[in-house]
Amino acid sequence: MEFCVLGPLRVRDDGAELEIRRGISRTLLIALLLRARETVGASSLMEVLWGDDQPRNPANALQIQISYLRKTLSSGSASARQPIVTRPGGYALDIEPDDVDAVRFERLLADASPVAGVRTDAMVDVELRAIDEALALWRGEALSDVAGEPFAQGTATRLEDMRWSAHEQRIDLLLTLGRHREAVGELGTLVLEQPLRERFHEQLVLAMYRCGRQADALRAFNTARSTLVDELGLDPGPALQALERGVLSQDPSLDWEPLTPAVVVVEPAPTVPAEWRRNFVPAPLTALIGRDSEVSRVRDLLARSRLVTLTGPGGSGKTRLAIDISAREAVDKQVWYVDLSSIDLPELVASTVADALGATTGPNEDAGDVAASALATETGLLVLDTCEHVLAGASSLASAVLRRAPGMRVLATSRRPLAVAGEAAWPVPPLGVAAADADSTEAIRSSPAVTLFCERAQDVRPDFELSADNAAHVAGICLALDGLPLAIELAAARADVLSPGAILDRLQNRFDLLVQGATDVAARQQTLRGAIDWSVELLSDEQRCFFARLGAFAGGFDLDAAQAVAGDGSQDSLALLSSLVRHSMVAIDVGDRFRLLDTLRAYAAEMLADLDADDTRRRHARYYTQVAERSESLVRGVRQGEVLAGLRTDIPNFRAALEWSLSIGDLDIATRLAGSLAWFWALDGRLDVADRHLRRAIAIDSVPAETRAKVLWGYSLLVAGLGHLDEALETGEASTALARQSGDSAAIGCGLNAVAVAHWALGDLDAAVVAHDEAIERFVAVGDLWGESICRVLRARTALDRGDADAEDRLRAGIDAARRCGDAHVIGIALGLQAHLHANRGDQVSAIESARESLRLQESIGYTEGTIAALHLLARLHLASGDTAEARDELLRSLRLAWKMQHAAAICEALENLAQIASNGGDDRTAMQLLSAAETERSARNLPVRPADRPMIEKLRSHLRSSTTGEQPETPAMADVVASLLR
């Protein structure tokens, strides 16, 4: 491939010209050409391309330009490899020097430089041919495409000066050879083109004089003097004036003289033998933290496999782990550690390894064979660090060593495997982070990721300590950064000026925050963005596009989702996804699912913003709306547990889809998705989350009545759990009214069920009966078994609360319908009611058995509200049986769950029953505080006490009034009461 800049930019590939579009693309290519084979920093290129007028995301804009150039330069049929390569911190144009006409021009001029001493005609002819070849490369003004650009001005000026100096040198050679008339002809043109270069005037005067044209020579001098005076206001220089005097006096020194032959002797340069190097392992500057099990695992792998490759994303700690393992192996083995990060061509790997071994490679020898032969009789470990950018060379070298040196093992680090037979590719896991629910400083302190943060924070702030005040924030930082050591170290480097809380708050802009890495490491390790830039630039254009679109996912995803969201129909999504996994850009999750680490997701989202963000996020929202709609009916039957588990894995994606659709005003998607998820959210216990999303969705009224009815129905059930009973009743009635407009009996039944639940919670049992009876009729009429079963069971609950004579018959009918439906949630509710019946008859054993089965069913599907209800029931049954300790444990467990989901009624019920236990134990003061806290909450939220619980609470209240005298204890805040109980 040939690059021409001595005139307008021209690129040729095997003679075929490649068209590079004008503007930024040509500017970028020329910037790389001017520093061919050097690393040009990304920031420098951005400055060249845009200066102060930077685009919104200059890094991605630069990547797009690089991708265009790569595609264009590889479009020719003769190119064997891609000339633009990624290096740490930037890019390089990986070409031979002579591929650039400007470099070739300078080399030819150097070849034409006269040799000191005596010269022959043949030697001068060689010099002249070199200059002629050099000048033939010029087609116009140097770097004309970037004329006036600051980055190119110096080079353009230098090249132009060299061009005219070459013409001067050529004329001198013609004069040396006695070709004076030829020189006069060329100088006539050169003087016109460069009238202010005195050297051309001198040569013209001398050439004319040697042609016997003394008068013309003097006229040429006078012309030169007039030009210089008119243009510059200066007389000719001393050399030109001396020449005039020589012409006038016919000085013999101006006459031409032939050359004298000479012999030039060149002595060979001495050779210096190389030294054999062993056991060279870089000394670590810091201790390895939290990697004991990983070190042990890799050493075990090395004992079983002769090639082990440590893989993982940038910043995962592959190199640091390899250094530690190498140091341990070097105790009793020979170790050769070779860092490949500083080279950028796969073909340089073998020679780099050979040099590291101290093995000399002869002129006609293959460096890979030399390296393998040097190790053929050795026993030990060869470490190849940072292979991903020279993968072909590293793979070839490793294969040669393994074949030729049976006593050797190879440990490599790479963001993708070497793909050599027998390779054990082992992904380096992130550092362990504290559990999301860790609530003690000591539990957080035990996390290796937190330990690393604290040690690096102490490097910049010696008084830094993990404390109860900052532990949760440090744990949050490590969790948000996926346990990646580099990211954690960069975050900790900010601890000198920012508190952990402030660092955590700013991690939304992590690529701007995490930029203060050590200056004595590779550029890609100095910033978080640099680490990922290095990986992304190793991807093809198709892989980069697919990766960027994966940034639309907010959580894990499966192949179908990736294909629907990131694919464009013309690609092999499985192949692209697999390649990204092998590049350590996508992680494998459980259950045939995949995920992006949060940091990689943030980077992909930035790339997506400059690609087709709206189209991709629209595909994402529509795909997950379809998932929710397909699951809506399945979550109400025998597959309930399986479907709920699947939906839970996609909760982050549902949230992202809903937020995006609401943000851009896609009301159809927003309401369809919210309505389809309403019952799932209720079963999953995410009442506060669902409340935030559905509250926004119900404000949208410009959607079909059936869609809005579903959203209102779901919202009613959710806010009832949160204790907003008046709002629950209002939205339930609105849902029913809309459903009646559409004539959809199943939708009418759902709305009536929500109304009945709200009436029941408010204590209006008669109104609840009316609503449930019509709902049952509606569901039976359309054959909706799930609707029929849940309404029959809840209708039986109201009958039991009212003491109706047919309550038991209604419950049997409800249990029968629930078992035919197969919905574990509804069956669990029915069994809880059955436990009440057994208890009313005095059969405590059967009551507890039914309650435990109810608890098992609700736990099996993860239904938090049902689990709380079953625990309350079991606690009351155990309390009635005299098992106070068991009852208290069950109530505390239910309180923890209710507090987590902010289920106000369940919190109050737990406190009331715990007050009863405290009073039974003689602690009336605690009982009074618990009961008062529950009463205050009920009053604030208008939450009535369930009819079945009223006798117990009235009796307890009466006892406490009579037993407490003097000043009443102050009622503490609800949060303080719950916190004291759950410690």
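Above: the structure in question.
Residues numbered from 1 in each chain as written. Predicted model: local features only at pLDDT ≥ 70, side-chain atom pairs only at ≥ 80, totals over all residues. Heavy atoms only, no water.

K.L.:
Let's hear about the environment of L956: which residues, and what values?
P.N.:
One can find L956 in helix α44 (residues 950–963). Among the residues examined, L956 registers a relative accessible area of 3% and is labelled buried. Between the alpha carbons of L956 and N913 there is a distance of 9.9 Å; along the sequence they are 43 residues apart. Discounting chain neighbours no more than four positions away, the residues touching L956 are E912, A915, Q916, S919 and L931. (Helix = DSSP H or I, 4+ residues; strand = E, 2+ residues; numbered from the N terminus. Buried < 20%, exposed > 50% of the residue type's maximum accessible area, 1.4 Å probe, protein only. Contact = heavy atoms within 4.5 Å.)

K.L.:
Can you tell me about the sheet that holds strand β5 (residues 84–87), naming the residues and giving the values?
P.N.:
One open sheet accounts for three strands, arranged β4-β6-β5; its pairing is antiparallel. Looking at which strands have only one partner, the edges of the open sheet turn out to be β4 (40–41) and β5. Of the strand pairs in this sheet, β4 and strand β6 (residues 90–93) are connected by two bridges, and their pairing is antiparallel. Residue pairing across strands places G41 opposite G90, the latter belonging to β6. Across the sheet, helix α1 (residues 24–33) lies against β4, β5 and β6, angled at about 75 degrees from β6, the strand it touches most. Contacts between helix α3 (residues 58–73) and the sheet are confined to β5 and β6, with β5 contributing the most and set at about 140 degrees to the helix. (Pairing = 2+ DSSP bridges. Axes fitted to C-alpha atoms, helices over the stretch in contact; angles between N-to-C directions.)

K.L.:
So what's going on with unusual backbone geometry? Residues and values would help.
P.N.:
The residue R37 is not glycine, and still its phi comes out positive at about 70 degrees. In this structure, R37 sits in the loop between α1 and β4. R37 gets classed as partly exposed once you look at its relative accessible area, which sits at 34%.

K.L.:
If you had to explain the pattern of salt bridges to someone new, which residues and values would you point to?
P.N.:
Across all of its chains, the model carries 61 salt bridges by this definition. A salt bridge links R544 to D541; the nearest nitrogen and oxygen atoms lie 2.5 Å apart. Taken together, the residues R544 and D541, both in helix α23 (residues 541–550) and three residues apart, mark about one turn of the helix. On the accessibility criterion, D541 (33% relative accessible area) is partly exposed. We note a salt bridge from E632 to K710, for which the minimum N-O separation is 3.1 Å. One end of the pair, E632, is in helix α27 (residues 613–634); the other, K710, is in helix α32 (residues 705–721), and 78 residues separate them in sequence. Look at E632 and you get buried, because its relative accessible area is 15%. Exposure remark for K710: the relative accessible area of 27% places this residue in the partly exposed category. Members of the salt-bridge network, linked through shared partners, are D132, R170, R179, E182 and E186. (Salt bridge = Lys/Arg side-chain N within 4 Å of Asp/Glu carboxyl O.)

K.L.:
Could you give me a rundown of the packing of helix α17 (residues 448–460) against helix α19 (residues 485–492), with the residues and numbers involved?
P.N.:
At a minimum axis distance of 8 Å, the contact between α17 and α19 shows a crossing angle of 35 degrees. Note that α17 runs across α19; the crossing there is right-handed. Contact residues: A449, L452, F453, R456, A457 and V460 in α17; P485, I488, E489, A491 and A492 in α19. Here the residues of the contact of α17 with α19 are counted per class, giving nine nonpolar, no polar and two charged. (Left-handed = near helix turned anticlockwise from the far one by under 90°. Nonpolar A, V, L, I, M, F, W, Y, C, P; charged D, E, K, R; others polar.)

K.L.:
Talk me through the packing of aromatic side chains; I want residue IDs and the actual numbers.
P.N.:
Counting across every chain of the model gives ten aromatic pairs. When the centroid spacing of 5.5 Å and the interplanar angle of 80 degrees are considered together, the rings of F105 and W138 count as edge-to-face. Separated by 33 residues along the polypeptide, F105 in helix α4 (residues 101–111) and W138 in the loop between α5 (121–135) and α6 (150–176) bring together distant segments of the chain. No difference in accessibility class separates F105 from W138, as the two residues are buried. With 5.9 Å between their ring centres and 65 degrees between their planes, F453 and F464 make a pair best called edge-to-face. Here F453, found in helix α17, pairs with F464, found in the loop between α17 and α18 (471–480); they are eleven residues apart in sequence, far enough to count as distant. The rings of F553, F557, F594, Y623, Y624 and F654 are connected pair by pair, giving a single aromatic cluster. Residue placement shows R21 over the ring face of Y68; its charged tip is 3.6 Å from the ring centre. The residue whose ring lies beneath R197 is F200, and the NZ or CZ to ring-centre distance is 5.9 Å. (Phe/Tyr/Trp six-rings, centres within 6.5 Å; stacked < 30°, edge-to-face > 60°. Lys NZ or Arg CZ within 6 Å of the ring centre and 35° of its normal.)

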